[in-house]
Structure formats: structure tokens, C-alpha cells
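Listed below are the residues making up each chain.
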Amino acid sequence: MAEPEMERPEASPRVTTVFINNVDLYSSRCLAKHLCEPAVVQTQAAEEEENKLRSRNAARTFHLVGTVSGQSHVDIPPAVEQFVQPDREALLSKLMDCEVVIYNVTQHAEQVDEALWAVTALHKEMEHFSGPKMFILISTVMTWACSRPVDPEVPFTEEVFWGRRAHPNFKPHIDLEKKVVKMGKTKRTLFSTYVVASGLQYGMGEQIFHYFFKTSWQGQEQEIPVFGDGTNIVPTIHISDLASVIQNVIERQPKPYYFLAVDSSNNTLENIVKVLATVLGPGAIQKRPSEEAFHTQDMSTMEIDSLLVNLRLESVHLKELFSINWLCENGLVDNIQLVVDEYQKARGLLPIRLCVLGPPAVGKSSLSRRISDHYKLHLVNLKETISDTIAQLEDTVRDADPDVEDDSAAEAKELLASIKDSMEQSGGVLDDQLLVKVVGKKLRSNPCKNQGFVLDGFPKTYEQAKDLFSADDQESEEAEMPSYNKKIMPEFVLCLDASDDFLKERVMMLPERLVWEHNYEQEHFLHRLSRFRGNNVEDETVVNFFDEQGIAILHLEITSNAEPDCLVLMQKVVEEVGKPRNYGPPRHEVEEEERRVAEESIQRQAQENAEEERKEAEEAQQRAAHWEEWTKRLEEVRQEQEGVLETESGPMRNYLMEHVMPILTQGLMECCTARPEDPVDFLAEFLMKNNPFNY
């Protein structure tokens, strides 16, 4: 009887130590994040090759080691072992411990010298390797920028990489590529080298295209700039797809050593900027001279050169040797919504949508304006929205070509006529259907969808809320129950309220100009207040609508007009809504503010030093004056003591001169004449013999 087959124990995970430079910068950080995730092996079409690859790389994991430039303060994947700018001796020791060394030189030119040193140092230490080692250089397609095509419509491929010509500012990069390739030909089984020429990278927050994303998102310019004529073809690749290429090189160790990492798109710079302006911004672009790009503070010279490149590239090796699970194979333009979602998530640029409700004169507009200024949101009130819509519709109708059929122009003309007719018939007030349509169009505009909005005092009824926030026709058909548009539905609803007596008193205290401006005449105001109270006593109120949708509702009671109370009210709103989710000040403004603060600090320090010197001088002067005064007093005391001593010593001196000194002087003279052996004894005997009082 055959013995049962025993189960094979699972192989322990194979850990590959990988070094990546500058893991705190955009490109290397995204690559490290990709490699930190569980490795997914790309399979070959052939079953035999697939099985070999699975067998060789099953259960492979990566241990990441990386240097940190210190130029960025972003979150680095926690699995990465970090080293802050080690010296080259320590760095070489780390490189020797790694099986794969990746040097990314696509962002900062100063890394070219370090990458050249690293590959040279490893090549010299090749005999001391504990096992095979791989060196991967992530370079840039700018080493192809000045290549001359035989046919402009035929793309360059890796097969002609030996004939590439670099942009003048990227010659160090092409020299590095050649050096890396040469180092790998010595003993490839022990030290293999690869060059991956990357297209312009995008996705996961953006780097080189960030200026256009930010300019479009902020909407500060009505027309987004396109530098140059915009017809230049820009080779690109999503950063995740570049990471997949690098992972495939590590896993497969292919025979070719030079790869073009580009997607299949041939988008021009104008195509890219146009789609960004349409999805994120006002939609219009403007072509400007390429020289203006160098005056832009948000782009480096290296990035500008890359954006102005005109290259048609195709990667043959990626298609023939790898099976890339492409995220954006067709490029940025065809995958714009995915890229924009990544951009907003990575940068924390999520819209904040608020609705402020309450009776007339309760302070909705003042609070809405404060919130709009604090969070940099678009303020949507009925009066301005209607005026802006009419102006836009008139511009569309006026600019339309009468000889060309244009559905948008016809729709604008029809809507404009409806608005004007409605306002003429009702004394300047729109009916509910048109009002909802106008406000809904505003909320669906790119600025409101991207940054968010503060909806001031609308909707006023349950039915208006249902119509305003209803989902698109297609979404409504797919949903079994009534659904609402989540992209314009407010996240927070602020419900202000106050007593009728307080509101009436507030209106009475308003200047006449504001009364006429807000239509707060007594009869009109009382009618509006009564209508508001009537709309909010039934079961189907606006607040009930938002409550049914699970929207956070903050009820705020207004009891005072004092400024401190208004600040407390705003503080409650900030606590409920949280921090802003948009950009801070532009980089040049931050730098200017830092410079101003530094100058003020220097001036303040100089003033403090001058004040200290002045105080020290005053103290020294005071010490000198005190010393002079003390010396003078000391001299006076000494003279006084000498006078007292002189007075007190007079009788004693007279006594000595009269009774002691004569006989003592005579004895001393006799002693000098006799010169005895013991002069003291001689003088004593003389004084005893000649003592006038010796009886």
C-alpha cells in the first residue's frame, strides 16, 4: 500500500534588501511605497515561463533601505530603514549590504555625482560581494531630447538607444547612463546594471505637473498658461507604472540593460494642460512664450526643460519582455479622473461643503462670509448667483456663431429667456424651478466641486432641497430608491435661530442703507419672517431633509450682536468643521513671510543688543561715578583720621621730647663712641646711671 504523500512545507519568504536614494522625495517615495507592498509577480504568456518565474520569486518580500535628503517633511513608509545624509564610507557599507541598489536621478541633478560614485565604488568592491548584486539607474528621457528622428511620425525605441542625444542641460545624465552600462559588462553574473529612462512622472500628488494642477485647482487665473506653442509631445508615465517596471526588472533580471519607461500616449503639453483646466479649473488655457516659464517660482529649470521637450517614444522591451499591470497605459489625459482623485487625496485637497440656514436678519450672510474667508471656499448666495448666471448666459449667447448650430448656445439662450420672463412676471424673483436650476448649476461648477462652497440661506423648503440635491438622471435610474448627488450634498448644515423680538430689534437698529439693500422694510421683513416660521413648523422642513440624509447639523442660537459673541460662534463652527483642506499660502508668499520674520528677528535682536550695550554703558558710567565718589570719601576719612591722630598724639610727643629724647640721644652718642660688644646692655646701664629721677 502506497504511503500518503506528505505536504510540502511552505517556503519561508525570500527577503531582498533594496537601497533607494532620497526616499523622502516624490519619485523615490512612491517607488518605496510600491515595493513595500506585497510583491505581485507579473506572469508570462507561456505557461512554462510563468511557472519558472513563480518558482523563483514566490513569497519574495523587500526590505527597503534609503537615504533621506532632508528637503521634505512628508511621511515615509514606516518599513523603510532611513539614513540622513551619511558620509560616503558609511554609505558604501550600506550599499554593500544590499542586493539591489536603485539610484533615482530624475528629480535632482546633484544626485548624478553620487550615483556615479556609487556604481564606481561598487564595481571596485565587486570581488568582495557576498552574492550577486544589481544596480538600477532611474534616468530621464531628457537624454533623448535632442535626438534626430528619420521620420517625425516614427517613435524612437530602445533599439536605437546608442544614437540618442541629450538635452544640453542633461549631458551629465547621459554620461552617467553610459558609465552604468559599461560597469555592468565586466562580470554580469556578479554585478548587473540597468538603466531605466523614465518619462515625465505623474500621479500620487504630482511633481513636475504640479504647477498646472495647483493653478487649475485654485482657479486664481481665468486662463491656465501653456508655455510655448503647446504642440510638443511629452513622454509620460504614471509613477505607479514606473514602480511596476522597476519591480519587473528586479524580479526578471532581463537580458537587455536599457529600457524606456513610457506609456503609450502621445499627449502634447496643450492636451495635458487643457484637460486639467477643464476638470479642475475654469476650462480656458492661454499660450504664453516659453521664456515666461522661467519666471515661475513653482518650477525648477530642470522641470521646465522637461516640459518643453518634444519626443515621440515607444518602449518595445516593456511590451515584449514584461507583463506590466498598467494603471494608466493610455496616459494622463485618458485617465484624468483617476489622476485627479489621487492628486486631491495625496494633497489633502478635499472640498468642504456647508449650508447655512436660518430666519431673515439672523446673520446668515455675515457668518457665511466669515466661513468662506477662513476656509477659502466659494460663497454662494442667491442674488450674486443669479446675476453671475445671467452674465454668463449673455456672454455665451453673444459669442455664439449664428451660422453654426450649437446646442450649448441654444440651451443658454432658452434658459436666459426663461429667467428674464420669470423675473419680469414676479417682480424680480425667480420661480422655484428656475432658482433650483441656477443654484444647482453653480454648485456643479468646477470651483465649487473642487474647493467646496458655503450655501447662504438656500434651500428654503423641503421640496427645493430634494430638487437641488437630486442625483443625475442616469444615477436616479440605476438607484432603486431616491438618491442624491453626493458631490454637491453639504457635509455640514449650520442652523441659526433667534427669537422674533430679537430679530425685529436687530432690523430696527440697522442703517437705512442696509435696510433697503436687504429688503428689510417693516412690512416685507415681517412677511419673510412669517413665511420662514410657517415653512419650519411642518414635518417636511429643510432641516428634516438633511437629517434624513445623515448630515451633521449644528444648531446655533443667536442672542447678541457683540463682536466677542460672533467670534465664539465662529469658534464653534471651526470646532465642528475642522481644519481647512486646501493649500496654504503660495511658496513665494511663505518664503517672503519667512524672510520678513527673519528680518524682524534680526532687527529685534539688534535693538536688544543696542539696548544691552546702552544699559552696560550706563552701568559703567554709574560705577565710575560711584568709584570716584567712594575714593573721594575715603580720602576725606583718611585726612580726618590723620587730623584726629595728630591731635591725640601731641601731648605724647611733647612728653617724649621733653623727658625721654634728651637722655636717650646722649646715651646713643656715648654708645657710638664706646662701641661696646653689647650696645643694648651698654645703653641700659647708661640710662640707669644717668636717670635724672634715680634717687
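Scroll up for the structure.
Below, the structure is looked at part by part. (Residues numbered from 1 in each chain as written. Predicted model: local features only at pLDDT ≥ 70, side-chain atom pairs only at ≥ 80, totals over all residues. Heavy atoms only, no water.)

**Observations concerning unusual backbone geometry**
Stage number 1. Cis rather than trans, the peptide bond between F458 and P459 has omega equal to 0°.
Stage number 2. Position of P459 relative to the elements: it lies in the loop between β14 (452-456) and α17 (462-468).
Stage number 3. You will see that M204, though not glycine, has its phi angle at about 60°, which is positive.
Stage number 4. Take M204: its relative accessible area is 26%, and that puts it in the partly exposed class. (Helix = DSSP H or I, 4+ residues; strand = E, 2+ residues; numbered from the N terminus. Buried < 20%, exposed > 50% of the residue type's maximum accessible area, 1.4 Å probe, protein only.)

**Here we look at the packing of aromatic side chains**
Stage number 1. This structure, assessed with the given rule, holds 20 aromatic pairs.
Stage number 2. When the centroid spacing of 5.3 Å and the interplanar angle of 75° are considered together, the rings of Y211 and F212 count as edge-to-face.
Stage number 3. When its relative accessible area of 1% is taken as the criterion, F212 is described as buried.
Stage number 4. Residues F545 and F546 carry aromatic rings whose centres are separated by 5.4 Å and whose planes lie at 75° to one another, so their mutual orientation is edge-to-face. The same class applies to F545 and to F546, which are both buried.
Stage number 5. Taken together, W144, F156, F161, Y257 and Y258 form an aromatic cluster joined through their ring pairs.
Stage number 6. Directly above the ring of F129 sits K133, whose terminal nitrogen or CZ lies 5.0 Å from the centroid. (Phe/Tyr/Trp six-rings, centres within 6.5 Å; stacked < 30°, edge-to-face > 60°. Lys NZ or Arg CZ within 6 Å of the ring centre and 35° of its normal.)

**Here's the deal with a nonpolar patch on the surface**
Stage number 1. Taken together, the side chains of M652, Y655, L656, M657 and M661 make up a nonpolar region of the molecular surface, amounting to roughly 520 Å² of accessible area.
Stage number 2. Along the chain, L656 turns up in helix α24 (residues 587-674).
Stage number 3. For L656, a relative accessible area of 36% gives the class partly exposed. (Patch = residues over 30% accessible without salt bridge, like charges linked within 9 Å, V, L, I, M, F, W, Y side chains within 5 Å. Areas by Shrake-Rupley, 256 points an atom, 1.4 Å probe, with all protein chains shown as cover. Salt bridge = Lys/Arg side-chain N within 4 Å of Asp/Glu carboxyl O.)

**Quick look at the pairing of strand β12 (residues 352-357)**
Stage number 1. Burial analysis of β12 places six of its six residues in the buried class, which makes it a mostly covered element.
Stage number 2. Alternating positions in β12 separate into two faces, I352, L354 and V356 on one and R353, C355 and L357 on the other, with burial throughout.
Stage number 3. Two strands pair when backbone bridges link them, and β12 and β14 are joined in this way by five bridges, in the parallel orientation. Within the sheet, the bridge partner assigned to R353 lies in β14 and is F453.
Stage number 4. Here β12 pairs with strand β15 (residues 492-497) via four bridges, running parallel. (Pairing = 2+ DSSP bridges.)

**A short note on the packing of helix α6 (residues 210-218) against helix α8 (residues 269-280)**
Stage number 1. Running from amino to carboxyl end, α6 crosses α8 at an angle of 30°, the nearest separation of the two axes being 8 Å. Here α6 is positioned roughly parallel relative to α8, judged by the angle of their axes. Here α6 runs over α8; the crossing is right-handed. Seen from α6, the contacting residues are F212, F213, S216 and W217; seen from α8, they are V273, L276, A277 and L280.
Stage number 2. A per-class count over the contact of α6 with α8 returns seven nonpolar, one polar and no charged. (Axes fitted to C-alpha atoms, helices over the stretch in contact; angles between N-to-C directions. Parallel < 35°, antiparallel > 145°, perpendicular 65-115°, else oblique. Left-handed = near helix turned anticlockwise from the far one by under 90°. Contact = heavy atoms within 4.5 Å. Nonpolar A, V, L, I, M, F, W, Y, C, P; charged D, E, K, R; others polar.)

**A few points about the sheet that holds β14**
Stage number 1. Pairing in this open sheet of five strands is parallel, and the strands run β13-β14-β12-β15-β16 from one edge to the other. Both edges of this open sheet fall to β13 (378-381) and β16 (552-557), since each of them pairs with a single strand only. Between one strand axis and the next, the sheet turns through 20° on average, direction left out of account.

**Observations regarding helix α14 (residues 407-425)**
Stage number 1. For α14, built from 19 residues, the straight-helix expectation of 27 Å at 1.5 Å per residue is met to within 8% by its first-to-last C-alpha distance of 27 Å.
Stage number 2. Within the sequence span of α14, burial applies to A409, A412, L415, L416, I419 and S422. Buried residues along α14 cover an arc of 160° about the axis, so they all sit on one side. Relative to its buried face, α14 has exposed residues pointing more than 90 degrees away, namely D407, K413, E414, E424 and Q425.
Stage number 3. Residues of α14 that are buried sit in contact with α13 (382-399) and α15 (432-443).
Stage number 4. Positive backbone phi, at 70°, marks G427, one or two positions downstream of α14. (Expected span 1.5 Å × (residues − 1). Arc of directions from axis to C-beta.)

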